[in-house]
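# Observations on the three-dimensional arrangement
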Number of protein chains: 2
Amino acid sequence: MIDQAALVYDNTQIRWVGNEQELPAQYGNEDSVDCGQRLVIPGLIDCHTHLCFGGWRGDEFEMRLQGRSYQDIAAAGGGIRSTVAATRANTAAQLIEKAADALRGMLELGITTVECKSGYGLERATELKQLEVYKQLNEQQPIDLVPTFLGAHLVPDEYQRNREDYIHLLCKGLIPGISRKKLAKFCDVFVEEDAFSITEARQILTAAKEAGLGLKVHADQLSNSGGAQLAAELGAVSAEHLEYADQQGIRALARSGTVAVSLPLASLYLRERYMPAREMLDGGVKVAVATDFNPGSAPSYHLPLAMTLACLNQQMTPQEVLMGTTTVAAGAIAAERQIGSLLPGFRADITIIDSDSVNHWLYHFRANACCGVLKSGQWAKALKQ
Amino acid sequence: MIDQAALVYDNTQIRWVGNEQELPAQYGNEDSVDCGQRLVIPGLIDCHTHLCFGGWRGDEFEMRLQGRSYQDIAAAGGGIRSTVAATRANTAAQLIEKAADALRGMLELGITTVECKSGYGLERATELKQLEVYKQLNEQQPIDLVPTFLGAHLVPDEYQRNREDYIHLLCKGLIPGISRKKLAKFCDVFVEEDAFSITEARQILTAAKEAGLGLKVHADQLSNSGGAQLAAELGAVSAEHLEYADQQGIRALARSGTVAVSLPLASLYLRERYMPAREMLDGGVKVAVATDFNPGSAPSYHLPLAMTLACLNQQMTPQEVLMGTTTVAAGAIAAERQIGSLLPGFRADITIIDSDSVNHWLYHFRANACCGVLKSGQWAKALKQ
């Protein structure tokens, strides 16, 4: 934290940062903006979302309040499957309109980069439709989208009796083309009893690696199946969820440098345990915090709420949480040299928070404490004076 | 819930409500506003806050994250005592500016009535200063304030060795005058091991009742001391917190009709248990939901967040939670004939929510889903079309 700081940026990059008394003379006559006694932080990065989806699942919210589990609801035809049906039924234009509305809300909160997954298609046309939606949205609005192919979210109903054919479709039919057309930067697999086994995940992720995609793993969310170790073994940039990660998993992530992405809103909404983030940090694991925004288990894109929950329910310090949504989150999308920091050379993605400290910001939870956003050096949300 | 509803109001009251096809002809030519497919609900009531205070206590947020308890921190001179020092040191103008800022944020969220307690003075001058702040704020801005005298928040340091003198000051020196000058509608007592005993609370509340004040009790928050039974015995309008209430307490509240006020944000921030709201509702107790906004245990006035938490962590249904912040909350401040309902004759305090159902509103948590507020028939927050 620099008190009485000054920061110099141009159309794309940060050029200088330090105490304003040390501002180099060459910048003395540039236009300047006074941010008052407020926090100036790197633009926030939401490094795990399922941004593009059809429909909502408010009915499941009430079912879960009555004590039904996420797995029960999925087995009864709800859960991810019901969103797959709605996403297949929607046109690209409908999906764009809905996701654009969420992105507007995210930008207002100070978020400048969003990782976003496919995985509600589970068939060629709809998986590609989701990735095309991200490509178009990337061109239409200020937030940078980082797309991830999550065809391995679930085995679709059509392949329940021949799941190896679905895996073949992913590995041979979809991954190479998606990589070639640069429709995704990463490939992710949901490793869970009702989704994909460790063996299947290794097969899919190996194909993705060979095709040149980066790797992510949905690991150990509802049970411990060794997902953390697999992510470490394959050199994934990140392992996500990890509510049930054990000591072995934690040690593996620490050794490999894989980022653990904590998703406290999913724990809140599912009334499930939280990732053992404190243990992970103490064990040398890098921990990011994201929303998991999706219509089922985390129907909120309010990243600052996830941050406050990470403090309260995971004993992360406010400083660790800020790192987890900036520097460390950048690492979770392999962009740690471009974004997530205010050092010279980084992209001029800058968020202004109406608080005088990180601690006070995350302690005094408000609807929206963000009072200005610069995206690549342009005011995407005008500064409130 | 009325679909395709119409509602007629004048400068102060609701005149008619029903299906728009049944709108009486006499209203057919009045000016009208189209609220689209959005929820129209009674203005929200936050029936438990400590709105006026000096300073903040962000340092304690980090201490609690490190595992120190609320009681530990209080014993070390933090907690309520540190806010008392800051509130005594602030001028009325400083306190007004700070509380007015919170009220602006509350109005934006759709809150039209706020109960607000003294209790950070613990001496004549500062308790009266807090109540005068509420009186002035009531005249300066749209939200209705309902003041409560909480001189019995804690025994101040000056009276640690002669606590009976402090109780005498409350009963004889402060309560009669406060009631006579109408500076408070209610008297509240914090019944807890480190605050006031049942015997002391009975003495103070009996004096308040004799002076004509309504009664409220901070009961069973950190341990079970029989506070719920005391509230029921004395005919208090409400018992607040109740995290540790037992079967006896629940039965007593059900019999007396005393409203149980749940404060989920305090449970979240203190990392403590939640009020057993489901058991209470099933046992016939009326349950309200409020923020407890204060600088220590609940530094947020985001009532919709408290509402979503009441669903997720207390198994209240969205409908029960909406009742708990409107009709039932009105009962907790003895205003059930004036506010908290959209029936004819009630005050025209109306909040518009950008959702098509209560369920979807509380499930899809957003920074602020409120898109318009009418206070006594005037647009206090203009409707976003």
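Since this is a predicted model, take the numbers as computed values, not measurements.

Along helix α3 (residues 80–89) of chain B, the residues classified as buried are B:I80, B:T83, B:V84 and B:T87. Relative to the axis of α3(B), the buried residues are bounded by an arc of 105° and lie together on one face.

Attention shifts here to the domain arrangement of chain A. Residue and element names in this part refer to chain A. When its domains are assigned, chain A resolves into domain 1 (5–40 + 349–381) and domain 2 (44–331). Centre-to-centre separation of domain 1 and domain 2, based on C-alpha positions: 30 Å. Domain 1 puts 16 residues into the contact, and the matching count from domain 2 is 20 residues. A buried area of about 1,400 Å², summed over both sides, lies between domain 1 and domain 2, and 68% of it is on carbon and sulfur atoms. Counting the surface domain 1 buries against domain 2, the share from its top three residues, L362, F365 and K375, is 38%. One can count two salt bridges joining domain 1 with domain 2. Note that K381 and E108 form a salt bridge whose closest N and O atoms lie 3.1 Å from each other. There are six residue pairs in polar contact (both at pLDDT 80 or more) connecting domain 1 and domain 2. Within the residue set of the side of domain 1 that touches domain 2, elements represented by two or more residues are α15 (358–363), β13 (370–375) and β14 (378–381).

What follows is about the interface of chain A and chain B. In this complex, chain A contributes 38 residues to the contact, which on the side of chain B involves 38 residues. Counting the surface lost from both chain A and chain B, the interface buries some 3,200 Å², and carbon and sulfur atoms represent 65% of this. Per-residue buried area on chain A facing chain B is highest for A:F61, A:L312 and A:Y363; these three make up 24% of the total on that side. Inspection of the chain A/chain B interface yields zero salt bridges. The interface formed by chain A and chain B contains 16 residue pairs in polar contact (both at pLDDT 80 or more). If you list the elements that add at least two residues to the side of chain A that touches chain B, you get α1 (58–65), α10 (264–270), α12 (303–314), α13 (318–324) and α15 of chain A.

Moving on, we come to the relation of the copies chain A and chain B. With an RMSD of 0.0 Å, the operation that places chain A on chain B is a rotation of 180° combined with a shift of 0.0 Å along the axis. On the angle and the small slide along the axis, the relation comes out as a two-fold axis. Closest approach to the rotation axis among the C-alpha atoms of chain A is made by A:A367, whose C-alpha sits 2.2 Å away. A share of 100% of the interface residues of chain A reappears at the interface of chain B, consistent with the copies meeting face to face through the same patch.

Here the focus is the sheet that holds strand β12 (residues 350–353) of chain A. Residues and elements named next belong to chain A. Taken in spatial order, the four strands line up as β3-β12-β13-β14 in an open sheet, and their pairing is antiparallel. Each edge of the open sheet carries a strand with a single partner, namely β3 (39–42) and β14. The mean inter-strand angle of the sheet, taken between neighbouring strand axes irrespective of direction, is 25°. The sheet contact formed by β13 and β14 spans three bridges and is antiparallel. Across the sheet, the residue bridging to V373 is K381, located in β14.

Our focus in this paragraph is the pairing of strand β7 (residues 186–190) of chain B. All names here are of chain B. β7 sits mainly inside the fold: five of its five residues count as buried. Here β7 shows no split at all, with F186, D188 and F190 on one side and C187 and V189 on the other all buried. Alignment of strand β6 (residues 144–152) against β7, held across three bridges, turns out to be parallel. When the sheet's bridge partners are listed, F149 is paired in β7 with C187. Handedness of the crossover is the feature at issue here: the chain leaves β6, passes through helix α6 (residues 163–180), returns alongside β7, and the resulting connection is right-handed. Inspection of the sheet shows β7 paired to strand β8 (residues 214–219) by five bridges, in the parallel sense. Opposite F186, over in β8, you have G214 as the bridge partner. In this fold, β7 hands off to helix α7 (residues 198–210), which returns the chain to β8; that crossover is right-handed.

On to helix α4 (residues 92–108) of chain B. Residues and elements named next belong to chain B. With 17 residues, α4 extends 24 Å from end C-alpha to end C-alpha; this agrees with the ideal 24 Å at 1.5 Å per step. Every buried residue of α4 is listed here: L95, I96, A99, A100, A102, L103, G105, M106 and L107. Backbone geometry just after α4 places G110 at a positive phi near 100°.

Criteria and thresholds
Residues numbered from 1 in each chain as written. Chains lettered and ligands numbered in written order. Predicted model: local features only at pLDDT ≥ 70, side-chain atom pairs only at ≥ 80, totals over all residues. Heavy atoms only, no water. Buried < 20%, exposed > 50% of the residue type's maximum accessible area, 1.4 Å probe, protein only. Helix = DSSP H or I, 4+ residues; strand = E, 2+ residues; numbered from the N terminus. Arc of directions from axis to C-beta. Domains from an automatic or database assignment. Contact = heavy atoms within 4.5 Å. Buried area = accessible area lost by both parts, 1.4 Å probe. Salt bridge = Lys/Arg side-chain N within 4 Å of Asp/Glu carboxyl O. Polar contact = N/O pair within 3.5 Å; in protein donor to acceptor, adjacent residues only side chain to side chain. Least-squares fit on C-alpha atoms with pLDDT ≥ 70 in both. Pairing = 2+ DSSP bridges. Axes fitted to C-alpha atoms, helices over the stretch in contact; angles between N-to-C directions. Right-handed = clockwise from strand over helix to strand, strands pointing away. Expected span 1.5 Å × (residues − 1).

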